[in-house]
Amino acid sequence: MEEKPEANIPLRNHRAGFVSIIGKPNVGKSTLMNVLVGERMSIITSKAQTTRHRIMGILNGKHEDIPFQLVYSDTPGVIKPSYKLHDSMMTFVKGSLEDADVVLFVAEVGERAAEHEVLPLLKRADAPIVLVLNKIDLSNDEQVKLKIAEWENEIQPAAIIPISALHQANIATLFDAVITRLPFHPPYFGEDELTDKPERFFASEILREKIFLNYRQEIPYSSEVVIAEFKERDDMIVIRAEILVERKSQKGIIIGEKGEMLKKIGIQARHDLEEFFGKKVFLEQHVKVEPDWRSKENKLRQFGYDE
Ligand SMILES: Nc1nc2c(ncn2[C@@H]2O[C@H](COP(=O)(O)OP(=O)(O)OP(=O)(O)O)[C@@H](O)[C@H]2O)c(=O)[nH]1
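Since the structure is predicted, the reported quantities are computational estimates derived from the model, not experimental observations. For every chain, the first residue of the written sequence is number 1, and numbering continues from 1 onward in sequence order. Two thresholds apply to this predicted model, a pLDDT of at least 70 for residue-level local features and 80 or more for giving and counting side-chain atom pairs, whereas whole-chain, interface and lining totals are computed over all residues. Values shown for side chains rest on all heavy atoms present in the structure; no hydrogens or waters enter the calculation.

Asker: With reference to specific residues and values, describe the pairing of strand 1 (residues 15–23).
Answerer: Judged by how many residues are buried, strand 1 sits mostly within the fold: nine of nine residues are covered. Each residue's exposure class comes from its accessible area (1.4 Å probe, protein chains only) as a fraction of the maximum for that residue type: buried when under 20%, exposed when over 50%, partly exposed otherwise. Helix numbers and strand numbers start at the N terminus; a helix is a DSSP run of H or I with at least 4 residues, a strand a run of E with at least 2. Judged by which residues are buried, strand 1 turns out to be covered on both faces: Arg 15, Gly 17, Val 19, Ile 21 and Gly 23 on one side and Ala 16, Phe 18, Ser 20 and Ile 22 on the other are all buried. Sheet topology note: the strand 1/strand 3 (residues 66–74) ladder contains seven bridges and is parallel. By the bridge assignment for strand 3, Ser 20 is matched with Ser 73. Following DSSP output, two strands are said to pair if at least two bridges run between them. Two elements, strand 1 and strand 4 (residues 102–108), share five bridges in a ladder whose sense is parallel. Across the sheet, the residue bridging to Val 19 is Val 102, located in strand 4.

Here it is as structure tokens:
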């Protein structure tokens, strides 16, 4: 009879694992994810709570002659939920923590370690926690040193790596901290897979980014984008997008006077969509009112806010 390899002993010729990026809103999680994956996976804006989903970005490579597969997860910023939407967002964060082989806990240098909102969540993680101290470009060495001491006192992470995701400073050190903690395991995804999300997800995210960038106050938070049609032809992609808002007055704001605003975000989105998909895009946009969608479970499910 042919001898089978012992099932419990992983072969030491491949590393693979899940790396969860978590932290408060706006600390730079999506910026970091994109830098680590080397692709524009997650949308980035200066507004808090831009990310609403768990988005996986997959990186295959070789480190010291051993092939690896890193499955990064960008997650929504940790907040106290005010809507059902926020509950779903926090479920994504918890799910990602439970799967994690390594946790990248991102904090800004300016944040206080004591009573930090993410601390209770970190207790759920069995995985080693690498504290990523981001935005060091906005502070000096002395402040960074003090902050490291403060965090060491608070959570004793496996490592603390000060970086600037925006300026790509110290990313190699962070990568080393991750890869050396990655378990030996066969790959989870095929080599040509970049993410767990379908193309239409990225189409809706790109349009949502334009809404976050062009409107103020409640509008970005009350908006959702649903891709009603995504048809790939030889020469172009035809995308029909529905922009949903919670109230009629918001519909008027999205459209703008004589449709100017809608046109503006359409032009910006089409530009980025064409770059992302490497193809000409025909984009059709419709604005609809979906009252209180952020508080309705069936709507949230329909829009993909369940794991
Ligand atoms: N100065 C500076 N700004 C940064 C750095 N990293 C990210 N930012 C900026 O911080 C803002 C928020 O970045 P995101 O990557 O969207 O932050 P996030 O944590 O994913 O935000 P949420 O979606 O709210 O959870 C953006 O304006 C980024 O350009 C950094 O290293 N230095």
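Asker: Please provide a residue-by-residue account of the UniProt feature "domain: KH type-2" (unreviewed entry) in the protein, values included.
Answerer: UniProt positions are given in the numbering used here, feature names are shortened, and annotations may be inferred rather than shown by experiment. Under the present numbering, the feature "domain: KH type-2" (unreviewed entry) in UniProt falls on residues 215–291. Secondary structure across residues 215–291 divides into 39% helix and 38% strand, with the first and last C-alpha atoms of the span separated by 19 Å.

Asker: Summarise the packing of aromatic side chains; cite the residues concerned and give the values.
Answerer: Here the aromatic set is Phe, Tyr and Trp, taking the six-membered ring for Trp, and pairing holds for ring centres within 6.5 Å; pairs whose planes are under 30 degrees apart are stacked, those over 60 apart are edge-to-face, and all others are tilted. Summed over the entire model, instances satisfying the criterion amount to nine aromatic pairs. Ring centres of Phe 212 and Tyr 221 lie 5.4 Å apart, and the angle between their planes is 80°; on these two criteria the pair is classed as edge-to-face. Exposure remark for Tyr 221: the relative accessible area of 18% places this residue in the buried category. Taken together through their ring pairs, the aromatic side chains of Phe 201, Phe 202, Phe 230, Phe 276 and Phe 277 make up a single cluster.

Asker: Report on the UniProt feature "domain: Era-type G" (unreviewed entry) in the protein, specifying residues and quantitative values.
Answerer: In the UniProt entry, the feature "domain: Era-type G" (unreviewed entry) is given for residues 15–184. Within the segment residues 15–184, helix and strand shares are 31% and 26% respectively, and the terminal C-alpha atoms sit 4 Å apart.

Asker: Give me the lowdown on the site of the ligand, citing residues and values where you can.
Answerer: Around the ligand, the surrounding shell holds 23 residues, and the nearest of these are Lys 29, Thr 31, Gln 49, Thr 51 and Asp 137. Gln 49 is positioned such that a nitrogen or oxygen atom in its backbone is 2.6 Å from an oxygen atom of the ligand. With respect to the ligand, the backbone of Ala 165 contributes an N or O atom lying 3.0 Å from an oxygen atom. All accessible-area figures derive from a Shrake-Rupley calculation using a 1.4 Å probe, and residue coverage is judged against the displayed protein chains alone. When the ligand is considered free in solution it has 650 Å² of accessible area, and contact with the protein chains removes 90% of it. Examining the composition of the shell around the ligand, we find that three residues originate from one element, helix 1 (residues 29–37), more than from any other. Residue classes in the shell around the ligand are distributed as seven nonpolar, twelve polar and four charged. For this purpose, a residue is taken to be near a molecule or strand whenever a single non-hydrogen atom of the residue falls within 4 Å of it. Contacts described as polar in this section are N or O atom pairs within 3.5 Å, which, within protein, must combine one atom able to donate a hydrogen with one able to accept it, while residues neighboring in sequence count only if both atoms come from side chains. Under the convention adopted here, Pro, Cys and the residues Ala, Val, Leu, Ile, Met, Phe, Trp and Tyr are nonpolar, Asp, Glu, Lys and Arg are charged, and Gly plus all remaining residues are polar.

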